[in-house]
Amino acid sequence: MFSPGYPGLLSLSFFFFFFLIMSGNAASGDTKLCSVDFEIFGNVQGVCFRMYTEDHGKKLGLNGWVKNTRQGTVVGQVQGPSEKVSEMKVWLSKVGSPSSRIDRAVFSNERDISKLDFKGFFTRY
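Residues numbered from 1 in each chain as written. Predicted model: local features only at pLDDT ≥ 70, side-chain atom pairs only at ≥ 80, totals over all residues. Heavy atoms only, no water.

The name given to the chain in an unreviewed UniProt entry is Acylphosphatase, with the source organism recorded as Paramormyrops kingsleyae. Here is the UniProt Sequence similarities (unreviewed entry) comment for the chain, exactly as written: "Belongs to the acylphosphatase family." Of the comments in the UniProt record for the chain, the one headed Catalytic activity (unreviewed entry) reads "an acyl phosphate + H2O = a carboxylate + phosphate + H(+)". (UniProt positions renumbered as here; feature names shortened; annotations may be inferred.)

### Details of the pairing of strand β2 (residues 63–68)
As defined by bridge partners, β2 adjoins strand β3 (residues 74–81) across 6 bridges and the pair is classed as antiparallel. The residue of β3 that forms the bridge with G64 is V78. Here β2 hands over to β3 after 5 residues, with G72 in that stretch at a positive phi of 90°. Where β2 lies against strand β5 (residues 121–123), 3 bridges are found, and the strand directions are parallel. For V66, the partnering residue across the bridge sits in β5 and is T123. (Pairing = 2+ DSSP bridges. Helix = DSSP H or I, 4+ residues; strand = E, 2+ residues; numbered from the N terminus.)

### Looking at the UniProt feature "active site" (unreviewed entry) in the chain
Listed under "active site" (unreviewed entry) in the UniProt record, and renumbered for this structure, are R50 and N68. What stands out for the annotated residues spanning 19 residues is how close their C-alpha atoms remain, the widest pair being 7.6 Å apart. As for its position among the elements, R50 is in helix α2 (residues 49–59). Residue classification places R50 among the partly exposed residues on the basis of a relative accessible area of 23%. Setting aside residues up to four positions removed in sequence, R50 forms contacts with V66, K67, N68, V74, T123, R124 and Y125. Summarising the element assignment, N68 is placed in strand β2. N68 has contacts with Q45, R50, T73 and V74, leaving out every residue within four places of it along the chain. Within the structure, N68 has its side chain in polar contact with the side chain of R50 (distance 3.4 Å). (Buried < 20%, exposed > 50% of the residue type's maximum accessible area, 1.4 Å probe, protein only. Contact = heavy atoms within 4.5 Å. Polar contact = N/O pair within 3.5 Å; in protein donor to acceptor, adjacent residues only side chain to side chain.)

### Structural notes on the packing of aromatic side chains
In this structure the tally under the stated criterion is 2 aromatic pairs. Relative to W91, the ring of F49 has its centre 6.1 Å away and its plane inclined at 40°; by these criteria the two rings are tilted. Pair noted here: F49 is in helix α2 and W91 is in helix α3 (residues 82–94), with a separation of 42 residues, a long-range link. Note on accessibility: F49 and W91 belong to one class, buried. Ring geometry for F118 against F122: centres 6.1 Å apart, planes inclined by 70°, an arrangement best described as edge-to-face. Look at F118 and you get buried, because its relative accessible area is 18%. (Phe/Tyr/Trp six-rings, centres within 6.5 Å; stacked < 30°, edge-to-face > 60°.)

Okay, here's the thing in structure tokens:
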């Protein structure tokens, strides 16, 4: 297979092997973590928005919290792998609970983090 007549094949095989090793490392824990705070405006209280947010965060494997405010909004923080946090941001701004009406979603304090500040996803009171 690796005959002297095909030196390029050996180089290609080495590159492929290197690529497999590097992509395996990325999948095994080198995932970039981030954190973002959110506030959701609209008809988001009394419609199980917190419960659905908690459930969806857990489903995505995220950590964080969610809470009602006295102003009628829902606030919280989401932490986890960047791609999953992005999915949660879309869900918070476009989907929510079945009976909710989302007028506006504000995301702030988005940052990379080295470790998670929370274990699990929960509702604060």
